[in-house]
Amino acid sequence: DARVTQTPRHKVTEMGQEVTMRCQPILGHNTVFWYRQTMMQGLELLAYFRNRAPLDDSGMPKDRFSAEMPDATLATLKIQPSEPRDSAVYFCASGRGQSTSNEQFFGPGTRLTVL
Amino acid sequence: AQSVTQLGSHVSVSEGALVLLRCNYSSSVPPYLFWYVQYPNQGLQLLLKYTSAATLVKGINGFEAEFKKSETSFHLTKPSAHMSDAAEYFCAVSVQGGGADGLTFGKGTHLIIQP
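Residues numbered from 1 in each chain as written. Chains lettered and ligands numbered in written order. Predicted model: local features only at pLDDT ≥ 70, side-chain atom pairs only at ≥ 80, totals over all residues. Heavy atoms only, no water.

Enquirer: Kindly report on the sheet that holds strand 7 (residues 65–71) of chain A, identifying the contributing residues and their values.
Expert: Residue and element names in this part refer to chain A. With antiparallel pairing, the 4 strands of this open sheet are ordered in space as 1-3-8-7. Looking along the sheet, the strands with just one partner apiece sit at the ends: strand 1 (5–7) and strand 7. The average undirected angle you get between the axes of adjacent strands in this sheet is 20 degrees. (Pairing = 2+ DSSP bridges. Helix = DSSP H or I, 4+ residues; strand = E, 2+ residues; numbered from the N terminus. Axes fitted to C-alpha atoms, helices over the stretch in contact; angles between N-to-C directions.)

Next comes the structure, spelled out in structure tokens:
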């Protein structure tokens, strides 16, 4: 049963600390998305990659967030320095192909709390 | 740019009753439409999607949705609610013809099933 995995599942950190979240997409999927979920804003697209190349990161605060795909099996989302307003659940999703009709498969999320 | 409006942040129905979750979209180009379900502390799972084929779409767990272009709606229904249907439901849109591949989500509707 192929699934998207995310680590860590929970992270509590103090303001100013660096946070790195990791995602392993489903094998064979060439598109990876990062979303953020908060009570106030709901689900927001932060960035996405196709074939490891970043295609859109317009949803991401550029000064503190960065997203990379070092290889086809790993995507990372980094926040440096973290702030309390970054507290949210961060989801990674992966998909196959280039059509926007294709299903996105979501991981279980990383719940981040910044104190 | 596209957007999604879900009417009712909370919907409560009795077990065995009809479930109706409302979704209206806005898009300047033909849309693809999706319904996802999120159970507590889990990622999102696809229920069904509309991709410009049949306007009545059947999904998993007995759910279906009808695409109505004239009403710009994609409401989700299930004839008989089950306790296991209690979850958060998200309507989402993407656009055909390229552009941003990420999904634009509604705020979500929390479905409560009364015994």
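Enquirer: Just give me the short version of the packing of aromatic side chains, but keep the residues and values in it.
Expert: If you walk through the whole model with that rule in mind, you get 14 aromatic pairs over all chains. Arranged with centres 5.4 Å apart and planes meeting at 35 degrees, the rings of Y35 of chain A and F106 of chain A form a pair that is tilted. Separated by 71 residues along the polypeptide, Y35 of chain A in strand 4 (residues 31–38) and F106 of chain A in strand 10 (residues 105–106) bring together distant segments of the chain. With respect to class, Y35 of chain A is no different from F106 of chain A; both count as buried. Ring geometry for F91 of chain A and F106 of chain A: centres 6.4 Å apart, planes at 75 degrees, overall edge-to-face. Taken together, the residues span a long stretch of sequence, with F91 of chain A in strand 9 (residues 88–95) and F106 of chain A in strand 10 at a distance of 15 residues. Among the residues examined, F106 of chain A registers a relative accessible area of 10% and is labelled buried. In this structure an aromatic cluster arises from ring pairing among F33, Y35, Y48, F91 and F106 of chain A together with F34, Y36, F90 and F105 of chain B. (Phe/Tyr/Trp six-rings, centres within 6.5 Å; stacked < 30°, edge-to-face > 60°. Buried < 20%, exposed > 50% of the residue type's maximum accessible area, 1.4 Å probe, protein only.)

Enquirer: I'd like to hear about the interface of chain A and chain B, residue by residue, with values.
Expert: In this assembly, 24 residues from chain A lie in contact with 22 residues from chain B. Overall, the association of chain A and chain B removes approximately 1700 Å² of surface from exposure, summing both partners, and the carbon and sulfur fraction of that is 51%. Interface area lost by chain A to chain B is led by L43, T100 and F106 of chain A, which between them contribute 35%. Counting the contacts that link chain A with chain B gives 0 salt bridges. Seen at the junction of chain A and chain B, the total is 6 residue pairs in polar contact (both at pLDDT 80 or more). (Contact = heavy atoms within 4.5 Å. Buried area = accessible area lost by both parts, 1.4 Å probe. Salt bridge = Lys/Arg side-chain N within 4 Å of Asp/Glu carboxyl O. Polar contact = N/O pair within 3.5 Å; in protein donor to acceptor, adjacent residues only side chain to side chain.)

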